[in-house]
Amino acid sequence: MESVPTIHFLGAARCVTGSKFLLQTAEGTTLVDCGLFQGLKELRERNWQPFPYPAAQIDQIILTHAHIDHTGYLPRLAKEGFRGQVYCTPSTAELLGLLLPDCGHLQEDDARYAAKKSFSKHSPPLPLFTEQDARASLRLLRPVSFSQPVKLGDGLTFSYHPTGHILGAGSLEIRVGDTRLWFSGDLGRYHDEVMNPPTPGGEADYIFIESTYGNRLHAGRDVSTDLADVINRTVRRGGTLLIPAFAIGRTQTMLYHIRQLEDAGRIPRLPIFIDSPMAVDASALYCRFGREENLKLDLTMTDDDCCPLRCRDTTFVRTPEESKRINDLRTPAIIIAASGMATGGRVVHHLANRLPDKRNTVLLVGYQADGTRGRALSNGDKKLKIHGQFVPVRAEIASISGLSAHGDQRDLLRWLSGFRRAPRRVFLIHGEDDGLNGLSDQVRENLKWPVHIPNHLERVELH
Ligand SMILES: [Zn+2]
């Protein structure tokens, strides 16, 4: 039996999606996060490759938070024979009940669409997993509260610590005998009006930290001014503002900021369409878990009317028919739709409809990974490929980085500085080259800690 713990980087190594870290110890095999690859085709194809380790031999999975790039491979792994327990925080379990079946449903839709247009190389096109597979995998979830240590064997324990970011998000402290590991999960920001800052780490021999914005600083100026400006100039042109946003987290925060601007009279009261059946359920969950450690605002006592996460004239759109009816709307409005990087979901159809008109604005508020439509827009591409056809980009493309759910370089360093002693090594994960190199330089220069940027499928002994 192996006595030195090893970590095998099965995803989010030199990219921002597909988070999967296989920890092998004398006590068993644990997968930290079980994310789907998104973005570039060569990354998405990894979802279809055989899993590099027998699924049935993984003893348990521990999830840091609900986002699909950290959880969306779970139904596939369960389909391939994984039968262990899946640990997550209680609100993450509820969010996954919304996210995973929706993800399966989208996979089925895409497969059907590809069959109709016959642009798939699979024949007939297959979904990675179905809605039913996703529902089946939910039965494996075992909710665990923050700061409650869980013993997985004689020498293996873990506990969650809140990181802001989204409801349910935690960093993960794992003890393997005397060795202490700490996975950051996704870290939120230290200055956010809705979410709390990440809690500081304790002691660790090995730290695994996300590096999404490892080379960047969010604009120091007040985000509400930028948001008011972009809304007001779109309204003056008679256009519509389209915001691609994750249904969970970003959508609620956007609603909060827009509501604040409405109440202060800094923007006109506009019809707001939340075009996501999931977002309405997610908003309800934010209220149900209204006192969770991740939330700065206490949302427990709010009803629909005074909920700060809802604007005055908000329509939650559930059915595809209602969604299509928004296409006919030609007066100023705000549409918020998933997915956040425009890789799929209803926002794709809204982009096809709104991009050709120069009165409209597409506002990017989150990280846009390489290879996504969101990245193409932020790069200034003049046409965008949507379902095999090119759509001209005439609308204004704006972005506000201060609304990100991820901390910037300063936030990441601040979280690292909270550890009580230097670790033996820091592994930089969940970043693209610029972010990884930027953070690596800072950690070496400011903290003088040894840093390693692992490659995909690299395996490292922790001794
Ligand atoms: Zn996340």
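Novice: Pulling in residues and values, what's your account of the nonpolar core?
Specialist: In terms of nonpolar packing, the biggest core is built from 105 residues, with Ile61, Leu77, Phe158, Ile174, Phe208, Ile231 and Leu363 touching the most fellow members. In contact with Ile231, other than residues within four places in its own chain, are Leu241, Ile258, Leu261, Ile267, Leu270 and Ile334. If you look at the next biggest cluster of nonpolar residues, it comprises 21 residues, including Ile326, Ala337, Val348 and Ala395.

Novice: Explain unusual backbone geometry to me, and be specific about the residues and the numbers.
Specialist: Along the chain, Ala338 connects to Ser339 via a cis peptide bond; the corresponding omega equals 5 degrees. Along the chain, the position of Ser339 falls in the loop between strand S15 (334-337) and helix H10 (347-354). Positive phi outside glycine occurs at Ser147, with the angle close to 60 degrees. Mapped onto the fold, Ser147 is located in the loop between strand S6 (141-143) and strand S7 (150-153). Even without glycine at this site, Ala342 takes up a positive phi of about 60 degrees. Relative to the assigned elements, Ala342 resides in the loop between S15 and H10.

Novice: Can you break down the sheet that holds strand S1 (residues 6-11) residue by residue, with the values?
Specialist: Here seven strands make up an open sheet; going across it, the order is S6-S5-S4-S3-S2-S1-S22 and the pairing mixed. The open sheet has two free edges, formed respectively by S6 and strand S22 (459-461), since each of these has just one partner strand. Ignoring strand direction, the axes of neighbouring strands in this sheet form an average angle of 25 degrees. When S1 meets S22, the two strands line up antiparallel, connected through three bridges. From the neighbouring strand, Ile7 faces S22, where its bridge partner is Val460. Its contacts with the sheet put helix H4 (residues 90-117) on strand S5 (85-88) and S6, and the angle it makes with S6 is roughly 145 degrees.

Novice: Which residues make up the sheet that holds strand S19 (residues 396-399), and what values do they have?
Specialist: As a general point, the strands of a sheet are linked pairwise by backbone hydrogen bonds and lie either parallel or antiparallel. Pairing within the open sheet is parallel, and its six strands lie in the order S14-S13-S15-S12-S16-S19. The sheet is open, and its two edges are formed by strand S14 (314-316) and S19, each paired on a single side. Direction aside, the axes of adjacent strands within the sheet are offset by 20 degrees on average.

Novice: Just give me the short version of the coordination of the zinc ion, but keep the residues and values in it.
Specialist: In a perfect tetrahedron of four donors around a metal, the angles come out at 109.5 degrees. In a perfect octahedron of six, they are 90 or 180 degrees. Ligation of the zinc ion by protein atoms is provided by His65 (NE2), His67 (ND1), His165 (NE2) and Asp186 (OD), these donors lying 2.1 to 2.3 Å from the ion. Viewed at the metal, the four donor atoms of the zinc ion are separated by angles of 91 to 164 degrees, and the geometry they form is irregular. Overall, the relative accessible area of 5% leaves His67 in the buried class.

The rules we used
- Residues numbered from 1 in each chain as written.
- Predicted model: local features only at pLDDT ≥ 70, side-chain atom pairs only at ≥ 80, totals over all residues.
- Heavy atoms only, no water.
- Core = buried A, V, L, I, M, F, W, Y, C linked by side-chain atoms within 4.5 Å.
- Buried < 20%, exposed > 50% of the residue type's maximum accessible area, 1.4 Å probe, protein only.
- Contact = heavy atoms within 4.5 Å.
- Helix = DSSP H or I, 4+ residues; strand = E, 2+ residues; numbered from the N terminus.
- Pairing = 2+ DSSP bridges.
- Axes fitted to C-alpha atoms, helices over the stretch in contact; angles between N-to-C directions.
- Donors = N, O, S within 2.8 Å, 3.2 Å for Na, K, Ca; no water.
- Tetrahedral: all angles 85-135°; square planar, octahedral: opposite > 155°, others 65-115°.

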